[in-house]
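Architecture and fold: a report
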Amino acid sequence: MKLAPEQLVQGIRDLPSLPAVVMDLLGDLDMERVDISVLAKKVSLDPALTAKTLRLANSPAFGLQVKVATIQQAITFLGFQTMRNLIAAAAVTVCFPAGRCPGFSDRVFWRHASASAACARALARRIRFNPDIAFTAGLLHDIGRLVLATSQPEAYGAVLAWRRAHDCTLLEAERAVLGIDHVDAGVALAAHWQFSDTIRQAIARHHAPDTPASGMLAAIVHVADAIVHALDLAGDADEVVPPLSGQAWDAMKLNEEAYLHLFQETEQQFEEMSAILAG
Amino acid sequence: MIAQPMPSGAVPEDAASAALRARLDHLFRKGADEGHDGWAILQLRRHVEAYRLGRGEEA
């Protein structure tokens, strides 16, 4: 049941398109200058995207003292960088029809993605890295799994069955059954949707942060991913903590006390966010 | 079944702690033997165990 690269690309082409405004946001993640009022107007033209973004902005993870009712208002309170990521997160989630793949739980997927986003953001703050970029990279790092489950549901169902039968990591099962893995699929989607180079690199290297020139963002996402698996937050009975790079772990330079606070922050923030994203 | 008295000085392990350790054994069933990086995953496990046990005591 090996998957040819052309099949992967075709599957991605068949996915719904991201709204143009969201492609701009994800593509220009590293750029600082964007016309905020134009962005707010464009997003506000899409009621479903606006509603989901505002639910995210009002979730406890973002600690607002007042409820925001418009995109412009949310930008005022949360800042443009944070809102840009929330808009992108809300948009990405609606592009993948749920329930196609046997054995694949969208709820488990979004719980893991949301917790990884919260954890990566909390880690980034502690090591003085851009927390908003870390949030987006954490949220999207496994997006290739969703691509495969949505575009190749039967084949990916076989991957999940193989994983259960062999008690291995998902990455190992994907390579054994499909010949490609969710990293390949994530990188292909990032190219198709024109994600920024920073996010593409984090998706490409989140299982191999020691590869030369991987960058700190890949290390942050790698460690956040392992922490979220270890905290058992996704609700997956087959959960397994993947291999953890000592180099990436060392790069965080955190002591036990810092980790305990980080774990608590992650747990407190992810639950409502995942319910919104999966809904 | 009649509960057996613990030998003097022995500390009975709380059932919740035992269940937690069993789940952690399951979660960390891979990775610790992954070459020279096994120490990092063992450190992560220690922190998670400390966090879960600490939180359990507070509850």
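What counts, and where the lines are drawn
Residues numbered from 1 in each chain as written. Chains lettered and ligands numbered in written order. Predicted model: local features only at pLDDT ≥ 70, side-chain atom pairs only at ≥ 80, totals over all residues. Contact = placed C-beta atoms within 7 Å. Helix = DSSP H or I, 4+ residues; strand = E, 2+ residues; numbered from the N terminus. Nonpolar A, V, L, I, M, F, W, Y, C, P; charged D, E, K, R; others polar. Core = buried A, V, L, I, M, F, W, Y, C linked by C-beta atoms within 7 Å. Buried ≥ 20, exposed ≤ 12 C-beta atoms within 10 Å, placed from the backbone. Domains from an automatic or database assignment.

If you look at the interface, chain A gives 20 residues, while chain B gives 20 residues. At the level of secondary structure, the elements contributing two or more residues to the side of chain A that touches chain B comprise α14 (216-231), α15 (246-252) and α16 (256-278) of chain A. Considering each element in turn, the side of chain A that touches chain B owes the most residues, five residues, to α14(A). Counted by class, the side of chain A that touches chain B contains 13 nonpolar, four polar and three charged residues.

One recurring pattern in soluble globular proteins is that nonpolar side chains are buried together. Residues and elements named next belong to chain A. Core analysis: the largest hydrophobic core is formed by 96 residues, its most contacted members being Ile87, Cys119, Ala120, Leu123 and Ile220. A total of 12 residues in this core trace back to one element, the largest contributor, which is α14. Shared between two domains, this core holds at least three residues of each, these being domain 1 (17-94) and domain 2 (98-278). Beyond its immediate stretch of four places on either side in the chain, alanine 120 contacts Ala134, Phe135, Ala137, Gly138, Ile220, Val221 and Ala224.

Turning next to the domain arrangement of chain A. Residues and elements named next belong to chain A. Here the domain parsing of chain A yields domain 1 (17-94) and domain 2 (98-278). Distance between the C-alpha centres of domain 1 and domain 2: 22 Å. The element best represented in the side of domain 1 that touches domain 2 is helix α6 (residues 80-93), accounting for seven residues. Classifying every residue of the side of domain 1 that touches domain 2 gives 10 nonpolar, six polar and four charged.

This next bit is on the environment of Ala89(A). Residues and elements named next belong to chain A. Within the element layout of this structure, alanine 89 appears in helix α6. With 24 C-beta atoms counted inside 10 Å, the residue alanine 89 sits in the buried group. Between the C-alpha atoms of alanine 89 and leucine 56, which are 33 residues apart in sequence, the distance is 9.1 Å.

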